[in-house]
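Listed below, chain by chain, are the residues.
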Amino acid sequence: MAVHPQIQEDKWKSLRYFLGGIFLVLVLIEKSMGFDPKVSGNFFPKQGFRNIGKQAEKTKFAEPVDPFQSETFEDDLNWEEEVFNHSYPTNTKSTKQTKVIDETIPEITLPEDRFPGAGKRISAEPGYLPVYFLKFYGSGKNSQSQLVKLTREFPGGDPIVFLFQELTKGPTVTEKSKGVLSALTKKIRMEPNYRLENGILHISISEELSSGGSMEILKDRLDQITFTYVGNFGIQGVVLYSNGERIRTLGSDGMSLPDVLAKTQRKVILF
């Protein structure tokens, strides 16, 4: 059976189109895979077939290094933690130098802060001397301490030491029954040596003056001492010392003291 010439021609056209398409695909594959037939004359790639995932790295310009991408960055961080935690020993030589410098700085007490030493003792005739204690008025949060003026029979002799002893003895049994008390305890002692000069009484008191009380109690102690002394025997002010140095602050909160203690504007009750 003879094939029609038109059908035969159509088959050849289709075959040519098919072969042309295959050739075009091969050319595109050739270019994408790096074949260089014009130079080498074959269809093998100029540098051989590339292995996907292991392609040769292109040359790169130098770039800043990210410290967190380095293999040792965790070690660097550990080192910083040890430094902040002071895990490394300090330089022994530097420590010794600091110690020597500290030892060369003496503790200096200014002349005006040193106890001036014992002066001439005061002597007075027997009689009655005023002393000041405390009494609380009000109740609850409204309760406040008030100074109470009392008298003590003085046998004669040195009134400075006598008055301080009476303050630390506290009120009598009868006075206590009426609510009178003292912020100065028996543990607080006064040194027997004192100096009265230019109207200022310099006395040295034990460290217990500054302990065992709130700021209000500390103020009450100072007022008891000041009101008891100032106005008697020519005393115009009081300066307190402890361990040979002037007391500048009292209590754990560091309540400041004036240079010279004087009577405050405080109500006094005659008892």
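Above this note sits the structure.
I will try to describe carefully the structure that is included in this document. Treat the numbers as computed from the prediction; the structure is a model and nothing was measured. (Residues numbered from 1 in each chain as written. Predicted model: local features only at pLDDT ≥ 70, side-chain atom pairs only at ≥ 80, totals over all residues. Heavy atoms only, no water.)

**Focus on the pattern of salt bridges**
Part 1 of the argument: For the coordinates displayed, the defined rule picks out 9 salt bridges.
Part 2 of the argument: The salt bridge partner of Arg246 is Asp113, with a shortest N-O separation of 4.0 Å. Here the residue Arg246 occupies a position in strand S7 (residues 245–246), and Asp113 occupies one in the loop between helix H4 (92–103) and strand S1 (127–137), the gap between them amounting to 133 residues.
Part 3 of the argument: With relative accessibility at 17%, the residue Arg246 sits in the buried group. (Salt bridge = Lys/Arg side-chain N within 4 Å of Asp/Glu carboxyl O. Helix = DSSP H or I, 4+ residues; strand = E, 2+ residues; numbered from the N terminus. Buried < 20%, exposed > 50% of the residue type's maximum accessible area, 1.4 Å probe, protein only.)

**Looking at the sheet that holds strand S2 (residues 144–154)**
Part 1 of the argument: Reading across the sheet, the 4 strands line up as S3-S1-S2-S10 and stay open at both edges, with mixed pairing between neighbours. Either end of the sheet is taken by a strand with one partner, and the two such strands are strand S3 (180–181) and strand S10 (268–270).
Part 2 of the argument: Pairing between S1 and S3: 2 bridges, direction antiparallel. For Lys135, the partnering residue across the bridge sits in S3 and is Val180.
Part 3 of the argument: Running over the sheet, helix H5 (residues 159–169) touches S1 and S2 and is turned about 30 degrees from S1. (Pairing = 2+ DSSP bridges. Contact = heavy atoms within 4.5 Å. Axes fitted to C-alpha atoms, helices over the stretch in contact; angles between N-to-C directions.)

**Thoughts on the sheet that holds strand S6 (residues 237–242)**
Part 1 of the argument: The 4 strands are arranged S4-S5-S6-S7 in an open sheet whose pairing can be described as mixed. The open sheet is flanked by strand S4 (190–197) and S7, the only strands paired with a single partner.
Part 2 of the argument: Bridge analysis of S6 against S7 gives 2 bridges, and the strand direction is antiparallel. Within the sheet, the bridge partner assigned to Tyr241 lies in S7 and is Arg246.
Part 3 of the argument: In the packing of H5 onto the sheet, contacts are made with S4 and strand S5 (200–205), and the angle to S4 comes to roughly 130 degrees.
Part 4 of the argument: Against the sheet, helix H7 (residues 215–229) contacts S4, S5 and S6, and its axis sits at roughly 140 degrees relative to S5.

**Observations concerning the packing of H5 against H7**
Part 1 of the argument: With their axes 11 Å apart at the nearest point, H5 and H7 run at an angle of 145 degrees to one another. Crossing handedness for the pair H5 and H7: right-handed. On H7, the residues touching Ile160, Leu163, Phe164 and Leu167 of H5 are Gln224, Ile225, Thr228 and Tyr229.
Part 2 of the argument: Class assignment of the residues belonging to the contact of H5 with H7 gives a composition of 6 nonpolar, 2 polar and no charged. (Left-handed = near helix turned anticlockwise from the far one by under 90°. Nonpolar A, V, L, I, M, F, W, Y, C, P; charged D, E, K, R; others polar.)

**Brief notes about the nonpolar core**
Part 1 of the argument: Core analysis: the largest hydrophobic core is formed by 36 residues, its most contacted members being Ile160, Ile203, Leu209, Ile225, Tyr229 and Leu240.
Part 2 of the argument: Of all the secondary structure elements, the ones that give two or more residues to this core are S1, S2, H5, S4, S5, H7 and S6.
Part 3 of the argument: Here the element with the most residues in this core is H5; it accounts for 6 residues.
Part 4 of the argument: Residues contacting Leu240, with those up to four places away along its chain left out, are Ile203, Ile205, Leu209, Leu222, Glu245, Arg246, Ile247 and Leu261.
Part 5 of the argument: Ranked by size, the runner-up nonpolar core spans 5 residues in total, among them Tyr132, Leu134, Leu147 and Phe227. (Core = buried A, V, L, I, M, F, W, Y, C linked by side-chain atoms within 4.5 Å.)

**Looking at the pairing of S6**
Part 1 of the argument: Burial runs high along S6: 6 of the 6 residues are buried.
Part 2 of the argument: Covered by surrounding structure in S6 are Gly237, Val239 and Tyr241 together with Val238, Leu240 and Ser242, the residues of both alternating faces.
Part 3 of the argument: When S5 meets S6, the two strands line up parallel, connected through 5 bridges. The partner of Ile203 across the bridge, within S6, is Leu240.
Part 4 of the argument: Taken together, S5, H7 and S6 form a β-α-β motif whose crossover is right-handed.
Part 5 of the argument: Here S6 folds back onto S7, and the loop between the two strands holds 2 residues, one of which, Asn243, carries a positive phi near 55 degrees. (Right-handed = clockwise from strand over helix to strand, strands pointing away.)

**Observations concerning the side chain of Ser145**
Part 1 of the argument: You can see Ser145 is positioned in strand S2.
Part 2 of the argument: The class of Ser145 is buried, set by a relative accessible area of 15%.
Part 3 of the argument: Not counting the four nearest positions on each side in its chain, Ser145 is found in contact with Lys135, Phe136, Asp220 and Arg266.

**Here's the deal with the environment of Glu208**
Part 1 of the argument: Positionally, Glu208 belongs in the loop between S5 and H7.
Part 2 of the argument: Between the C-alpha atoms of Glu208 and Arg189, which are 19 residues apart in sequence, the distance is 8.0 Å.
Part 3 of the argument: Among residues more than four places away in sequence, those in contact with Glu208 are Lys187, Ile188 and Arg221.

**Re the pairing of S1**
Part 1 of the argument: Inspection of the sheet shows S1 paired to S2 by 11 bridges, in the antiparallel sense. By the bridge assignment, Tyr128 is partnered in S2 with Glu153.
Part 2 of the argument: Hairpin connection, S1 to S2: the antiparallel pair is bridged by 6 residues, and Gly138 has positive phi, about 95 degrees.

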